[in-house]
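Fold and geometry: a report
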Amino acid sequence: GENVEQHPSTLSVQEGDSAVIKCTYSDSASNYFPWYKQELGKRPQLIIDIRSNVGEKKDQRIAVTLNKTAKHFSLHITETQPEDSAVYFCAAWEFYFGSGTKLNVKP
Amino acid sequence: NAGVTQTPKFQVLKTGQSMTLQCAQDMNHEYMSWYRQDPGMGLRLIHYSVGAGITDQGEVPNGYNVSRSTTEDFPLRLLSAAPSQTSVYFCASSYSRGSSYEQYFGPGTRLTVT
């Protein structure tokens, strides 16, 4: 099956800085890569996704990049705000999740 | 739309007991799945279904059964609870839109096995 690795496990940034979270996957047949945000005690929610025929996708302050050759994809959050503090998960297909990154944005 | 609903929200079981976690969705989604979430391990797929009458195993299926008799419902059965099954359980439903599979999660069930 697919194996997704996610780094870092924790990330602390100052408000206004950028944050980058990286994931790698093992199955070259994977073609869909969603990112989820989970606030404490809440359910995961989809924030952005990318398909394998696209190298980059942006939605306001968040962007995702995909390198199919290297089998890695990244989440970029610019101008971070305290409300961005949460755990972020990458996934391959819809079923295979990374272990999560706890993002802390300090005011 | 209620979206994806799960019951109960909390449950405490003794080792060896059995129970069923309920999951329902009202979005007419074809796909449904069950995950467990343990600290530091992300979400791990237990079982999934691509339509009524069709189920398949995920990464960690041992100790769990599922069935999908209707599009709306996807219950998860714990056959003989063990402390290792203490976790938060999320049900999800999704639909395919081209090559995207937008997935919606239920609120979760926090299960403790003593």
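In the block above lies the structure referred to throughout.
Let me begin by describing the structure that accompanies this report. (Residues numbered from 1 in each chain as written. Chains lettered and ligands numbered in written order. Predicted model: local features only at pLDDT ≥ 70, side-chain atom pairs only at ≥ 80, totals over all residues. Heavy atoms only, no water.)

Things to note about the interface of chain A and chain B
In this assembly, 17 residues from chain A lie in contact with 22 residues from chain B. Regarding the contact of chain A and chain B, the summed buried area is about 1700 Å², with carbon and sulfur atoms giving 57% of it. Our enumeration of links across chain A and chain B arrives at zero salt bridges. Summed over the shared surface of chain A and chain B, the result is six residue pairs in polar contact (both at pLDDT 80 or more). When residues of the side of chain A that touches chain B are traced back to their parent elements, those giving at least two are β4 (32-38), β5 (45-51) and β10 (96-97) of chain A. Residues belonging to the side of chain A that touches chain B are distributed by class as follows: nine nonpolar, three polar and five charged. (Contact = heavy atoms within 4.5 Å. Buried area = accessible area lost by both parts, 1.4 Å probe. Salt bridge = Lys/Arg side-chain N within 4 Å of Asp/Glu carboxyl O. Polar contact = N/O pair within 3.5 Å; in protein donor to acceptor, adjacent residues only side chain to side chain. Helix = DSSP H or I, 4+ residues; strand = E, 2+ residues; numbered from the N terminus. Nonpolar A, V, L, I, M, F, W, Y, C, P; charged D, E, K, R; others polar.)

Describing the environment of T15 of chain B
Residue and element names in this part refer to chain B. Relative to the helices and strands, T15 resides in the loop between β2 (10-13) and β3 (19-25). Sequence separation between T15 and T114 is 99 residues, and the spatial gap between their C-alpha atoms is 5.9 Å. With sequence-adjacent residues up to four places away left out, T15 is seen in contact with A81, P83, V113 and T114. A distance of 2.7 Å separates the side chain of T15 from the backbone oxygen of T114, its partner in a polar contact.

Topic: the pairing of strand β11 (residues 101-106) of chain A
It is a general feature of regular strands that their side chains alternate between the two faces of the sheet. Residue and element names in this part refer to chain A. Burial of β11 is one-sided: the residues T101, L103 and V105 facing one way are buried, the residues K102, N104 and K106 facing the other way are not. In terms of strand pairing, strand β2 (residues 10-14) meets β11 through five bridges, oriented parallel. Pairing of S12 across the sheet is with N104, part of β11. In this structure, strand β9 (residues 86-92) lies alongside β11, joined through three bridges in antiparallel fashion. Across the sheet, residue Y88 finds its bridge partner in β11, namely T101. (Buried < 20%, exposed > 50% of the residue type's maximum accessible area, 1.4 Å probe, protein only. Pairing = 2+ DSSP bridges.)

Here's the deal with the pairing of strand β5 (residues 43-51) of chain B
All names here are of chain B. Within β5, seven of the nine residues are buried, leaving the element largely enclosed by the surrounding structure. Sheet topology note: the strand β4 (residues 31-37)/β5 ladder contains six bridges and is antiparallel. Looking across to β5, one finds that Y35 is bridged to L45. Connecting β4 to the antiparallel partner β5 that follows it, the hairpin turn spans five residues, and G40 within it adopts a positive phi of roughly 75°. Hairpin connection, β5 to strand β6 (residues 54-57): the antiparallel pair is bridged by two residues, and G53 has positive phi, about 85°.

Here we look at the nonpolar core
Counting residues in each nonpolar core, the largest one holds 23 residues, and the members touching the most others are W35, F73 and L103 of chain A. Counting residues per element, the ones that place at least two in this core are β2, β3 (19-25), β4, β5, β7 (62-67), β8 (72-77), β9 and β11 of chain A. Aside from chain neighbours lying at most four places away, what touches L103 of chain A is L11, V13, A19, I77, D84, S85, A86 and Y88 of chain A. Within the second largest apolar cluster, 18 residues are counted, among which are L13, C23, Y64 and V66 of chain B. (Core = buried A, V, L, I, M, F, W, Y, C linked by side-chain atoms within 4.5 Å.)

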